[in-house]
Amino acid sequence: MLAEDSVLLREGLTGLLARFGHEVVAAVSDADALESAVAAHRPDLVVTDVRMPPTFTDEGLRAAVALRRRAPELPVLVLSQYVQRSYVTELLETGDGTGIGYLLKDRVGRVEEFLTALHQVADGGTVVDPEVVRQLLRHRRDPLERLTPREREVLALVAEGRSNAAIARALVVSEAAVGKHIGNILTKLDLPPAEETHRRVLAVLAFLQS
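Being a predicted model, the structure only gives us computed values, none of them experimental. (Residues numbered from 1 in each chain as written. Predicted model: local features only at pLDDT ≥ 70, side-chain atom pairs only at ≥ 80, totals over all residues. Heavy atoms only, no water.)

Structural notes on the overall build of the protein
- When helices and strands are counted, the protein shows 10 helices and six strands.
- Considered along the principal axes of its C-alpha atoms, the protein spans approximately 65 × 30 × 30 Å.
- The buried share among the 210 residues of the protein stands at 43%.
- Considering only contacts within the protein whose residues lie at least 6 apart along the sequence, 65% involve residues at least 24 apart.
- Accessible area of the protein: about 11000 Å², with a carbon and sulfur share of 52%. (Helix = DSSP H or I, 4+ residues; strand = E, 2+ residues; numbered from the N terminus. Buried < 20%, exposed > 50% of the residue type's maximum accessible area, 1.4 Å probe, protein only. Contact = heavy atoms within 4.5 Å. Areas by Shrake-Rupley, 256 points an atom, 1.4 Å probe, with all protein chains shown as cover.)

With respect to the domain arrangement of the protein
- Assigned domains of the protein: these are domain 1 (2–138) and domain 2 (143–209).
- The distance between the C-alpha centroids of domain 1 and domain 2 comes to 32 Å.
- With seven residues of domain 1 at the contact, the number on the domain 2 side is seven residues.
- Of the roughly 580 Å² buried between domain 1 and domain 2, counting both surfaces, carbon and sulfur atoms make up 39%. (Domains from an automatic or database assignment. Buried area = accessible area lost by both parts, 1.4 Å probe.)

Section: the pattern of salt bridges
- By the definition in use, this model includes 10 salt bridges.
- The salt bridge partner of R110 is E112, with a shortest N-O separation of 3.8 Å.
- Through salt bridges with shared partners, one network takes in E4, D49 and K105. (Salt bridge = Lys/Arg side-chain N within 4 Å of Asp/Glu carboxyl O.)

Quick notes on the environment of T57
- Tracing the backbone shows T57 in the loop between β3 (46–48) and α3 (59–70).
- The spatial distance from the C-alpha of T57 to the C-alpha of D190 is 9.8 Å, given a sequence separation of 133 residues.
- Not counting residues up to four positions away in its chain, the partners in contact with T57 are V50, R51, M52, Q84, P192 and P193.
- There is a polar contact of 2.8 Å between the side chain of T57 and the side chain of T55. (Polar contact = N/O pair within 3.5 Å; in protein donor to acceptor, adjacent residues only side chain to side chain.)

Focus: the UniProt feature "modified residue: 4-aspartylphosphate" (unreviewed entry) in the protein
- According to UniProt, the "modified residue: 4-aspartylphosphate" (unreviewed entry) feature falls on D49.
- Relative to the elements of secondary structure, D49 occurs in the loop between β3 and α3.
- The buried category is assigned to D49, whose relative accessible area is 5%.
- The contacts of D49, once residues within four sequence positions are left out, are A3, E4, D5, G60, L61, L79, S80 and K105. (UniProt positions renumbered as here; feature names shortened; annotations may be inferred.)

Considerations on unusual backbone geometry
- That bond from P53 to P54 is cis: its omega, 5°, falls within 30 degrees of zero.
- With respect to the helices and strands, P54 occurs in the loop between β3 and α3.
- Located in the positive-phi region is R42, a residue other than glycine, with phi close to 45°.
- With respect to the helices and strands, R42 occurs in the loop between α2 (31–41) and β3.
- Looking at R42, the relative accessible area reads 71%, which means it is exposed.
- Even without being glycine, V172 reaches a positive phi, approximately 55°.
- Topologically, V172 is positioned in the loop between α8 (164–171) and α9 (175–188).
- Overall, the relative accessible area of 71% leaves V172 in the exposed class.

Below, the structure is given as structure tokens:
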């Protein structure tokens, strides 16, 4: 089962897997279709991207977590250009961490390397790119280390409960500049838009815990 929004990559992977003896029972382009296809086909393995329609943030990874929570024995290999830290830990914790993989597309140097990882995950192993591990460990050490001094200053004022307008007055900058800083902060803290959470509050919690 393959989920990838890029039509060229989706078709390329489908052809590659077929050439090496794997049957792709369905190849879809979004997370909703992924979950529906898994329910319909009950595949032996899911290969999914992270960022897919409609928001191109973490739909694929969230779908993978949901699938694993419903069926912890379902092997899932995440294949992405990005390390989406907001749900990686949850994914790795499902099913006792077995049958899970996370590879970065740009770091897969050989087809054989990809196929080996595929087989290991399908057999219940765990395969995680070292760069993914490095970023997870760095994030756990200090979630704010990626922020600039100005962004830390803005976040400190947010933690005091100040509005964008109040922060702008305190720093003698425009509200637009404050909004841009806050957008950068949320991006660097890996807090994508989500209906069930308030990103500004989560950013403050990260600041208070650092």
